[in-house]
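Spelled out from the first residue to the last, the chains are:
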Amino acid sequence: MPTTKRLTLSDAQFETLRKVVYDRSGIHFQDSKKYVLESRLSRRLEELEFDDYDQYLMFLTSGPYQTDEFQEMFNRITINETSFFRNEPQLDVFEQRILPEILEKRKSSKTLRLWSAACSSGEEPYTLAMILHRSLGIRLADWKIEILGTDISEKVLNIANGGRYPHYAVKSTNPMVLSRYFKQEGREYILDPEIMSMVHFEKLNLKDTYAARRFGTFDVIFCRNVMIYFDDQMKTNCVKMFHKQLADDGTLMIGHSESLRNLDVKFTQLNIPQGFAYQKSDA
Ligand SMILES: C[S@@+](CC[C@H](N)C(=O)[O-])C[C@H]1O[C@@H](n2cnc3c(N)ncnc32)[C@H](O)[C@@H]1O
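Residues numbered from 1 in each chain as written. Predicted model: local features only at pLDDT ≥ 70, side-chain atom pairs only at ≥ 80, totals over all residues. Heavy atoms only, no water.

**Observations regarding the sheet that holds strand β3 (residues 164-165)**
In any sheet, the strands associate via hydrogen bonds between backbone groups, in a parallel or an antiparallel arrangement. An order of β3-β5-β4 is seen for the three strands of this open sheet, with the pairing classed as antiparallel. Two strands bound the open sheet, and with one partner strand each, they are β3 and β4 (182-185). Note: β4 against strand β5 (residues 188-191), four bridges, orientation antiparallel. The residue bridging Glu185 from the neighbouring strand is Glu188, located in β5. (Pairing = 2+ DSSP bridges. Helix = DSSP H or I, 4+ residues; strand = E, 2+ residues; numbered from the N terminus.)

See below:
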């Protein structure tokens, strides 16, 4: 029987690879995460029929295929864990405190722009669309709502654009919301086309802070559960970019295990329990 050789990543190769990953994406693999890179990329090396990681590093960093291979690598090494209505207490804060205020402030222009940065397979921006749909009700037709979802991984963006989800994705979704916005087909949950039409997806690497400028200004930016993979420098660059992309009265909402503390950025935390919400400040 043929045996497959499990390729190991030496410490030196790990150092080189994690620097390459960091330089391109800001994702920082700590020493303890060497096995994660190794296990996530070993299948790729087999597919390419490489004998070791030196060949892979060469392939990745030089030659005509490097852009494609970086994309392939990000599809494999990113952690895409997400679900609809993830961290519901924070979403309640958004729905009951932040959204009504911003709707009031925008009542003459009737435009609202939300950005889910690092949206994975779309559950987060689609959740925001459902919240807006139920909050505005029939008034939705009077508003120009734009919800943008971006991620570095094309693989997850393809899932997002498909709008078909496994049970895991809706595990935290209230049964009434589930029956209102999804149709079950076998083991899949198919998202309502009206909700899908409220969200637009684009590929964006948060490392490319200039690339985000083309998306314009937002009223609320959600960037949850990705900064945990970044070091302080990358976090700072990202948050400075969000500062530029937010309206002056806009709000930044981050993950419940993340913080802007110790970062040299101009944001003030709103005093709302469970909010993890920040407002722009000039200080
Ligand atoms: C754990 S998911 C979080 C999804 C969603 N925001 C949530 O909280 O449920 C993290 C996502 O960040 C994306 N990501 C990682 N590094 C990124 C980068 N440099 N630019 C854009 N997206 C990135 C990953 O592809 C992944 O889909």
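And the narrative resumes.
**A closer look at the packing of helix α3 (residues 53-61) against helix α4 (residues 66-77)**
Two numbers describe how α3 lies on α4: the axes approach to 7 Å, and their chain directions differ by 120 degrees. Looking at the two axes, α3 sits oblique to α4. Facing α3, whose interface residues are Tyr56, Phe59, Leu60 and Thr61, α4 presents Gln66, Glu69, Phe70 and Met73. Taken together, the residues of the contact of α3 with α4 sort by class into five nonpolar, two polar and one charged. (Axes fitted to C-alpha atoms, helices over the stretch in contact; angles between N-to-C directions. Parallel < 35°, antiparallel > 145°, perpendicular 65-115°, else oblique. Contact = heavy atoms within 4.5 Å. Nonpolar A, V, L, I, M, F, W, Y, C, P; charged D, E, K, R; others polar.)

**Structural notes on the packing of aromatic side chains**
Here the structure, examined in full by the defined rule, presents eleven aromatic pairs. Between Phe50 and Phe59 the ring centres are 5.4 Å apart and the planes differ by 70 degrees, which places this aromatic pair in the edge-to-face class. Of the residues examined, Phe50 reaches a relative accessible area of 17% and is grouped as buried. Taking the centre distance of 4.9 Å and the plane angle of 85 degrees together, the rings of Phe84 and Tyr165 count as edge-to-face. (Phe/Tyr/Trp six-rings, centres within 6.5 Å; stacked < 30°, edge-to-face > 60°. Buried < 20%, exposed > 50% of the residue type's maximum accessible area, 1.4 Å probe, protein only.)

**Some remarks on the site of the ligand**
Taken together, 21 residues form the shell around the ligand, and within it Ser25, Thr82, Asp151, Leu206 and Asn225 come nearest. Thr78 has a polar side-chain atom sitting 3.5 Å from an oxygen atom of the ligand. In this structure, Ile152 approaches the ligand through a main-chain N or O atom, which is 3.3 Å from a nitrogen atom. Taken by itself the ligand offers 610 Å² of open surface, and the protein chains cover 99% of this. Using a 2 Å cut-off from the grid points, one finds that the ligand occupies the largest pocket. Of the residues in the shell around the ligand, the class split is eight nonpolar, eight polar and five charged. (Near = heavy atom within 4 Å. Polar contact = N/O pair within 3.5 Å; in protein donor to acceptor, adjacent residues only side chain to side chain. Areas by Shrake-Rupley, 256 points an atom, 1.4 Å probe, with all protein chains shown as cover. 1 Å grid on protein atoms, 1.4 Å probe; cavity = no way out; pocket = protein on both sides within 12 Å on 5 of 7 lines; lining within 4 Å. Sits in = over half its atoms within 2 Å of the grid points.)

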